[in-house]
Amino acid sequence: MLKLAVIGKDVSQSQSPSMHTFILHNMGEDCTYDRVSIPEGEFSARIHSVFDEYDAFNVTIPFKQEIIPHLSHLCGDAADFGAVNTVLSGTRTGYNTDGFGFLLMLQNHGVEIKGKSFLVLGAGGAGRSCIRKLTQSGAKVFAYQRTEEKLKKVYEEIGGFTPLREVPIMPFDVIVNCTGIGMHDTVGQSPVIAFEGGERAPVGRQLLSLCGTAVDLIYVPAQTEFLRIAKEEGKKTVNGASMLFYQAYMAGCIYLGCTPKAEQAKALWNAYREE
């Protein structure tokens, strides 16, 4: 039986335990799966006990990059993105399954990528993964991050997109929220901002009224303020629940050493939703 966990600043509402348990059970493996919340200032001191206690674990906001110095190896997308969300403790190897989950989520919701314009809000671990996968899939990607230096660093590392100093009020085919704004203590807030008269001001409705689809990687609450505004404007909306499931499925394949299959992932997601 595998002993697993998810670690993050606040994982009290994480659906990872139920998802991973369901996926692994249906793939023929039993497991236990804990939630481990770690204050940001205590990460370095506590991460070693996580390696010792768990066979493998998943990493979420805000530790997807902070975990890297504690690892011996990075594989696949983790090395490409510079962010980790899945770790095998025995070998201290890091992986990133976000890209797989993100693309499969878009595909299953009928969101076209190639040749389409995407505005990505946030360039942290998840944002970097989404930007990279979108550019690799032929999208025209624009990205905004409040901290310009952080966005500049991401551009220097992965390139292939247009970094924005402010959010322009213009039509995008798809707007993706990769920030944490809209969850926990920011419930009811939208991440969409722009500069007006030299000051930041919320312009969510104006911008979202021009887009085709709004995607929020947040899944609790199921409808964030960002998605609520987009829905009121008659736009297609997608929350991050299926992405979380698909990246969990990919992680399960890593734990078990098997090859991921898109059709198997879709079938498991449909079965999970019916439970």
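Residues numbered from 1 in each chain as written. Predicted model: local features only at pLDDT ≥ 70, side-chain atom pairs only at ≥ 80, totals over all residues. Heavy atoms only, no water.

**Student:** Go over the environment of Leu268, please, and point to the residues and values.
**Tutor:** Looking at the secondary structure, you find Leu268 in helix α10 (residues 262–274). Judged by relative accessible area, Leu268 falls into the buried class, the value being 10%. Here Leu268 is in contact with Phe22, Ile23, Asn26, Phe245 and Tyr249, once residues within four sequence places are set aside. (Helix = DSSP H or I, 4+ residues; strand = E, 2+ residues; numbered from the N terminus. Buried < 20%, exposed > 50% of the residue type's maximum accessible area, 1.4 Å probe, protein only. Contact = heavy atoms within 4.5 Å.)

**Student:** A description of the nonpolar core should follow, citing residues and the corresponding values.
**Tutor:** One broad trend across soluble globular proteins is that nonpolar side chains are buried collectively. Judged by nonpolar contacts, the single largest core of 26 residues is most densely connected at Phe102, Leu106, Phe118, Leu134 and Leu217. Take this core: its biggest share by element is four residues, from helix α5 (residues 125–136). Apart from the residues lying within four places of it in its own chain, the contact partners of Leu106 are Val111, Ile113, Phe118, Leu134 and Val215. (Core = buried A, V, L, I, M, F, W, Y, C linked by side-chain atoms within 4.5 Å.)

**Student:** Tell me about the confidence of the model for the chain, residues and numbers included.
**Tutor:** Predicted confidence across the chain gives a mean pLDDT of 91, with 94% of residues reaching 70 or more. Note that residues 194–199 has pLDDT below 50 and, in this model, 13 contacts with residues that lie over four places away or in other chains. (pLDDT = per-residue confidence, 0-100.)

**Student:** Lay out the sheet that holds strand β6 (residues 93–95) with the relevant residues and their values.
**Tutor:** An order of β2-β1-β3-β5-β6-β4 is seen for the six strands of this open sheet, with the pairing classed as mixed. Where the open sheet ends on each side, the last strands, each with one partner, are β2 (31–37) and β4 (73–74). Note: strand β1 (residues 2–8) against β2, seven bridges, orientation parallel. Looking at the pairing, Leu4 lines up with Tyr33 of β2. Along the sheet, helix α1 (residues 16–26) contacts β1, β2 and β3 (56–59); its crossing angle with β2, the most-contacted strand, is approximately 160°. (Pairing = 2+ DSSP bridges. Axes fitted to C-alpha atoms, helices over the stretch in contact; angles between N-to-C directions.)

**Student:** For the packing of aromatic side chains, give the residues involved together with the corresponding values.
**Tutor:** By the definition in use, this model includes twelve aromatic pairs. Ring geometry for Phe142 against Phe172: centres 5.5 Å apart, planes inclined by 70°, an arrangement best described as edge-to-face. Of this pair, Phe142 sits in strand β8 (residues 140–144) while Phe172 sits in the loop between β9 (162–164) and β10 (174–177), and the two are 30 residues apart along the sequence. With a centroid separation of 5.4 Å and an interplanar angle of 85°, the aromatic rings of Tyr155 and Phe161 are classed as edge-to-face. (Phe/Tyr/Trp six-rings, centres within 6.5 Å; stacked < 30°, edge-to-face > 60°.)

**Student:** Tell me about the sheet that holds strand β13 (residues 213–216), residues and numbers included.
**Tutor:** Taking strand neighbours across the sheet as the criterion, the six strands line up as β9-β8-β7-β10-β13-β14 in an open arrangement whose pairing is parallel. Either end of the sheet is taken by a strand with one partner, and the two such strands are β9 and β14 (236–239). Within this sheet the neighbouring strands show an average axis-to-axis angle of 20°, counted without direction. For β8 and β9, the ladder comprises three bridges, and the chain directions are parallel. Among the inter-strand pairings, Ala143 is bridged to a residue of β9, identified as Pro163. Each of β7 (117–121), β10, β13 and β14 is contacted by helix α8 (residues 225–232), which is oriented at about 165° to β13, the strand it contacts most.

**Student:** Quick one: what's the story with the packing of helix α4 (residues 98–108) against α10, residue by residue and with numbers?
**Tutor:** At a closest axis distance of 12 Å, the pairing of α4 and α10 adopts a crossing angle of 70°. With respect to α10, the element α4 is oriented roughly perpendicular. Here α4 contributes Leu104, Gln107 and Asn108 to the contact with α10, which in turn contributes Ala262, Ala265 and Lys266. Across the contact of α4 with α10, the residue classes tally to three nonpolar, two polar and one charged. (Parallel < 35°, antiparallel > 145°, perpendicular 65-115°, else oblique. Nonpolar A, V, L, I, M, F, W, Y, C, P; charged D, E, K, R; others polar.)

**Student:** I'd love a proper account of helix α2 (residues 43–53), names of residues and values included.
**Tutor:** Regarding α2, the residues found buried are Phe43, Ile47, Val50 and Phe51. The arc enclosing the buried residues of α2, seen along the axis, measures out at 95°, which places them on a common side. Opposite its buried face, α2 presents the exposed residues Ala45 and Asp52, each directed more than 90 degrees away. In the core, the buried residues of α2 are packed alongside β1, β3 and β5 (86–88). (Arc of directions from axis to C-beta.)

**Student:** Now, about the pairing of β3: what can you tell me, with residues and values included?
**Tutor:** Along β3, one buried face is formed by Ala56 and Asn58 and the opposite face, lined by Phe57 and Val59, is buried too. In terms of strand pairing, β1 meets β3 through four bridges, oriented parallel. By the bridge assignment, Val6 is partnered in β3 with Asn58.

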